[in-house]
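# A closer look at the structure
Spelled out from the first residue to the last, the chains are:
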Amino acid sequence: MENLKTFIYLGVCVYARILSAADPNSKAENILWTSRDFKTTLHWTTKNPNQAYTIRLSEGENDWVNHPECFEMLDSVCDVSNELIPFDRSFTADIITEHGDQEHPDYSYDEFQHTVSTPFNPYKQSNISVLKFSVKAVNDSTVMVNITDTLTGVHRDGKLLTIRDIFKHDLRYKIRYHKAESTGQRDHISDRSLAEVTHLDPGQSYCFSVTAYIPSRPKSSQEGAWSDPLCAQTHGNSSNKLGPGALLGVILPIIALIFIIIITVAVVCCKKSQKGNRPVQTPQSSAPV
Ligand SMILES: *[C@@H]1O[C@H](CO)[C@@H](O)[C@H](O)[C@H]1NC(C)=O
Ligand SMILES: *[C@@H]1O[C@H](CO)[C@@H](O)[C@H](O)[C@H]1NC(C)=O
Ligand SMILES: *[C@@H]1O[C@H](CO)[C@@H](O)[C@H](O)[C@H]1NC(C)=O
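Predicted model only: the values in this text are computed from it and were never measured. The written sequence of each chain sets the order in which its residues are numbered from 1. Chains carry letters and ligands carry numbers; both start at the beginning, A for chains and 1 for ligands, and go up in the order they are written. Local features are withheld for residues below a pLDDT of 70 in this predicted model, meaning they are given only at 70 or higher, and side-chain atom pairs are given and counted only at 80 or more; totals for whole chains, interfaces and linings count all residues. Values shown for side chains rest on all heavy atoms present in the structure; no hydrogens or waters enter the calculation.

## A look at the overall build of the chain
Of regular secondary structure, the chain possesses four helices and 16 strands. The contact criterion used throughout is that any non-hydrogen atoms of two residues lie within 4.5 Å. Sequence-distant contacts in the chain: of pairs separated by 6 or more residues, those separated by 24 or more amount to 62%. With residues, only the protein chains shown are counted as cover, and all accessible areas are computed by Shrake-Rupley using a 1.4 Å probe. Carbon and sulfur atoms make up 58% of the accessible area of the chain, which amounts to about 18100 Å² in all. Secondary structure follows DSSP: runs of H or I at least 4 residues long count as helices, runs of E at least 2 residues long count as strands, and numbering of each begins at the N terminus.

Below is the structure:
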């Protein structure tokens, strides 16, 4: 009886293995690279949730290297941030559908199902997120913009690298600013994370947004995400309060007021003098009659 049970159990197992090995539905599908600040993950979909996958990576389409953290895993997502080095290479991933067959201890993978991804170059394609920064007015005409380089998803010597560590001299910052009450904006490109925006008007409030800018990249990925604006007021007094518009606005009413006063005074005086003259004038004017 026990022998029969074992026999049936083995038979079912072998049958299931043959099924899973031959099941085209168990193949990884819709492979997608997602990458933000060099934290790069591979996602895929699967019709068989109990399937194990192993990931191999290649710079190109040969020389496949196993990824130790994504070996015979049941997830359909794998973080490959620390494997895509050097950064400026085009990597391809091969997602292998395992069927746990002990007869293949050498893992030649030849008879497993493979799904090969599109190529991905983290240096050129990783999205760069919003940068943290602060602004501070230095004097009448200059605001200092202090940008913090974002940490990436890549570890080296027990620390996370910053985007500056990876891009080095290819990394610039684009600073976009405008006067608080106006829409006309200007761009300032800085090599350094501590940037000075000069030639501003005194006593004015300016608002600044920043982004990482990598001119060596293809046009579509040169800019990172733009930050929300931060504002700062330059030192000194706003000369705008005494500008031509403001001057006219203050002086015209004063001139008009003075004018009105002069006319009123003149009219009142004239009437008074006419009234005062009348008794004298009346006999004069009636004299010829
Ligand atoms: C980068 O961001 C864009 C817009 O959100 C997105 O469509 C794209 O898939 C992202 N690229 C990567 C590699 O994550
Ligand atoms: C304002 O500060 C900047 C940087 O410190 C300096 O280059 C500039 O000459 C200063 N301008 C004035 C008007 O003091
Ligand atoms: C710039 O910001 C960093 C991080 O917030 C800070 O440590 C540093 O002192 C700032 N530099 C200046 C010149 O304000």
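## Quick word on the packing of aromatic side chains
Pairing of aromatic rings covers Phe, Tyr and Trp, the last through its six-membered ring, and needs centres within 6.5 Å; plane angles under 30 degrees mean stacked, over 60 mean edge-to-face, and all others mean tilted. Tallied over the entire structure, the rule returns seven aromatic pairs. Relative to Phe87, the ring of Phe38 lies with its centre 5.6 Å away and its plane at 75°, an arrangement referred to as edge-to-face. Pair noted here: Phe38 is in the loop between β1 (29-36) and β2 (39-45) and Phe87 is in the loop between β5 (77-79) and β6 (91-98), with a separation of 49 residues, a long-range link. Summarising the burial analysis for this pair, Phe38 and Phe87 share the class buried. Ring geometry for Phe38 against Phe167: centres 5.4 Å apart, planes inclined by 65°, an arrangement best described as edge-to-face. Whether a residue is buried, partly exposed or exposed follows from its accessible area with a 1.4 Å probe, protein chains only, as a fraction of its type maximum: under 20%, in between, or over 50%, in that order.

## Points about the sheet that holds β5
Between any two strands, pairing holds if DSSP finds at least two bridges. Strand order in this open sheet of three strands is β1-β2-β5, and the pairing throughout is antiparallel. In this open sheet, the two edge strands, each paired with only one partner strand, are β1 and β5. Strand-to-strand twist in this sheet, taken as the mean axis angle between neighbours without regard to direction, amounts to 15°. Relative to β2, β1 is paired through six bridges, and the arrangement is antiparallel. Bridge pairing in β2 places Arg36 opposite Lys39. Fitted lines through C-alpha atoms serve as axes, helices being fitted only where they are in contact, and the angles separating the N-to-C directions of these axes extend from 0 to 180 degrees.

## Some details on a nonpolar patch on the surface
Each patch is built from residues that are more than 30% exposed by relative accessible area and take part in no salt bridge. Like charges join if they lie within 9 Å; nonpolar side chains (Val, Leu, Ile, Met, Phe, Trp, Tyr) join within 5 Å. Here a salt bridge means any side-chain nitrogen of Lys or Arg lying within 4 Å of a carboxyl oxygen belonging to Asp or Glu. Residues Ile254, Ile258 and Ile262 make up a contiguous nonpolar surface patch of about 280 Å² in total accessible area. Examined against the element boundaries, Ile258 turns out to sit in helix α4 (residues 244-286). For Ile258, a relative accessible area of 45% gives the class partly exposed.

## Things to note about the confidence of the model for the chain
Confidence along the chain averages 83 in pLDDT terms, with 77% of residues attaining 70 or more. Along the chain, pLDDT gives the predictor's confidence residue by residue, from 0 to 100. Counting interchain partners and residues more than four positions distant, the pLDDT-below-50 stretch residues 10-20 has four contacts. The low-confidence segment residues 280-289 (pLDDT under 50) makes one contact with residues lying over four places distant or belonging to another chain.

## With respect to the nonpolar core
Ranked by size, the top nonpolar core spans 29 residues in total, and within it Val145, Ile147, Phe167, Ile175 and Phe208 carry the most contacts. If you list the elements that add at least two residues to this core, you get β8 (132-137), β9 (143-148), α3 (163-167), β12 (172-179), β14 (194-197) and β15 (205-213). No other element matches β15, which puts four residues into this core. Contacts of Ile175, omitting those with residues within four sequence positions, involve Val145, Ile147, Arg186, Asp187, His188, Ser190, Ala195, Val197, Phe208, Ser209 and Val210. What makes a nonpolar core is a set of buried Ala, Val, Leu, Ile, Met, Phe, Trp, Tyr and Cys residues whose side-chain atoms join them at distances within 4.5 Å.

## A short note on the pattern of salt bridges
On inspection of all chains with the given rule, the structure shows nine salt bridges. With a shortest N-O distance of 2.7 Å, Asp187 and Arg176 are connected by a salt bridge. Linking Asp187 in strand β13 (residues 185-190) with Arg176 in strand β12, this pair joins segments that are 11 residues apart in sequence.

## Considerations on the pairing of β15
Burial of β15 is extensive: eight of the nine residues sit out of reach of the surface. Relative to β15, β12 is paired through eight bridges, and the arrangement is antiparallel. Bridge assignment links Tyr177 to a residue of β15, and that residue is Phe208. In the sheet, β15 pairs with strand β16 (residues 230-233) via four bridges, with the strands oriented antiparallel. The residue of β16 that forms the bridge with Ser205 is Gln233.

## Details of the side chain of Ser129
Among the structural elements, Ser129 can be located in the loop between α2 (122-125) and β8. In terms of polar contacts, Ser129 uses its side chain to reach the side chain of Asp37, at 2.4 Å. What Ser129 contacts, discounting residues up to four positions off in sequence, is Arg36, Asp37, Thr150 and Ala225. Distance and chemistry together define a polar contact, namely a pair of N or O atoms within 3.5 Å, with one atom able to donate a hydrogen and the other to accept it when in protein, and with adjacent residues in sequence counting only for side-chain atoms on both sides.

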